Amino acid sequence: QVQLVESGGGLVQAGGSLRLSCAASGRTFSLYAMGWFRQAPGKEREFVAAISWSGGSTYYADSVKGRFTISRDNAKNTVSLEMNSLKPEDTAVYYCAADLQPYRLAYDPADFGSWGRGTQVTVSS
């Protein structure tokens, strides 16, 4: 099992930027894909971005493509989400998640077995 702790959320105006970070511990971080998901009030949790175990492959939801960038530092056991050109519809609790299986790129929530507690991102118009 891996423990995940997100940080970096906050309140920002539309068009602004935020950088989320997720620190992992308890398992060999570099073997597993990592993902970011979000959940807005009254809505289901949705996929945002994922990065493969090596960092060589990434995948984004269409709604954030070109605005968000996921990255990882396997030496520091961290994964980050750089969010630019933020929109009010990006407002949600953002969750970091770790893949259940090693050596792949996953993006289905069912493929992720460990989740952080989330960090709130609020974008004002």
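Relevant structure appears above.
Residues numbered from 1 in each chain as written. Predicted model: local features only at pLDDT ≥ 70, side-chain atom pairs only at ≥ 80, totals over all residues. Heavy atoms only, no water.

**A look at unusual backbone geometry**
With glycine set apart, most residues show a phi of negative sign, and most peptide bonds adopt trans. Put simply, the test is: Under the scheme used here, helices are H or I runs from DSSP no shorter than 4 residues and strands are E runs no shorter than 2 residues, and both carry numbers assigned from the N terminus. Only protein chains enter the accessibility calculation, which uses a 1.4 Å probe; a residue whose area is less than 20% of its type maximum is buried, one above 50% is exposed, and one in between is partly exposed.
Although it is not a glycine, Asn77 sits at a positive phi angle of roughly 55°. Note that Asn77 resides in the loop between β7 (68–73) and β8 (78–83). A relative accessible area of 25% means that Asn77 is categorised as partly exposed. The phi torsion at Ser85 lies on the positive side, around 50°, for a residue other than glycine. You can see Ser85 is positioned in the loop between β8 and β9 (92–102).

**Some thoughts on the side chain of Thr119**
Applied cut-off: Pairing of N or O atoms within 3.5 Å defines a polar contact, subject to two protein rules: one partner must be a possible hydrogen donor and the other a possible acceptor, and residues neighboring in sequence count only if both atoms are side-chain atoms. It only takes one pair of heavy atoms within 4.5 Å for two residues to be counted as in contact.
Looking at where Thr119 falls in the secondary structure, it is placed in strand β11 (residues 119–124). At 3.2 Å, the side chain of Thr119 forms a polar contact with the backbone nitrogen of Gly9. Ignoring sequence-local partners within four residues, the contact set of Thr119 consists of Glu6, Ser7, Gly8, Gly9, Leu20, Ala92, Val93 and Tyr94.

**Description of a nonpolar patch on the surface**
What counts here: Residues forming no salt bridge and having over 30% relative accessible area are the ones grouped into patches, like charges within 9 Å of each other and nonpolar side chains (Val, Leu, Ile, Met, Phe, Trp, Tyr) within 5 Å. Per-residue accessibility takes into account occlusion by the displayed protein chains alone, with areas from the Shrake-Rupley method and a 1.4 Å probe. Salt bridge, as used here: a side-chain nitrogen of Lys or Arg that lies within 4 Å of a carboxyl oxygen of Asp or Glu.
Side chains of Tyr59, Leu105 and Tyr107 sit close together on the surface and give an oily, nonpolar patch of about 270 Å² of accessible area. Residue placement: Leu105 occurs in the loop between β9 and β10 (112–115).

**A short note on the pairing of strand β1 (residues 3–7)**
Side-chain direction in a regular strand flips from residue to residue, so the side chains alternate between the two faces of the sheet. The line we're drawing: A pair of strands counts as paired when DSSP detects no fewer than two bridges linking them.
Taking every second residue as pointing to the same face, the buried face of β1 carries Leu4 and Glu6, while none of Gln3, Val5 and Ser7 on the other face is buried. Pairing of β1 with strand β3 (residues 18–25), which is carried by five bridges, proceeds in the antiparallel orientation. By the bridge assignment for β3, Val5 is matched with Ala23.

**A few points about the packing of aromatic side chains**
Definition in use: For this analysis, a ring pair means two rings from Phe, Tyr or Trp (six-membered ring only for Trp) whose centres lie within 6.5 Å, classed as stacked if their planes differ by under 30 degrees, edge-to-face if by over 60, and tilted for the remaining angles.
Scanning the entire structure with this criterion turns up eight aromatic pairs. Ring geometry for Phe37 against Phe112: centres 5.2 Å apart, planes inclined by 75°, an arrangement best described as edge-to-face. Taken as a pair, Phe37 in strand β4 (residues 32–39) and Phe112 in strand β10 lie far apart in primary sequence, 75 residues in all. The residues Phe37 and Phe112 share a single accessibility class, namely buried.

**Observations concerning the pattern of salt bridges**
For the structure shown, the criterion picks out seven salt bridges. The partner of Glu82 in a salt bridge is Arg19, and the shortest N-O contact between them spans 2.9 Å. Placement of Glu82 in strand β8 and of Arg19 in strand β3 is noted, with a sequence separation of 63 residues between them. Taking the shortest distance from any N to any O, the salt bridge between Asp62 and Lys65 comes out at 3.1 Å.

These figures capture arrangement, not role.
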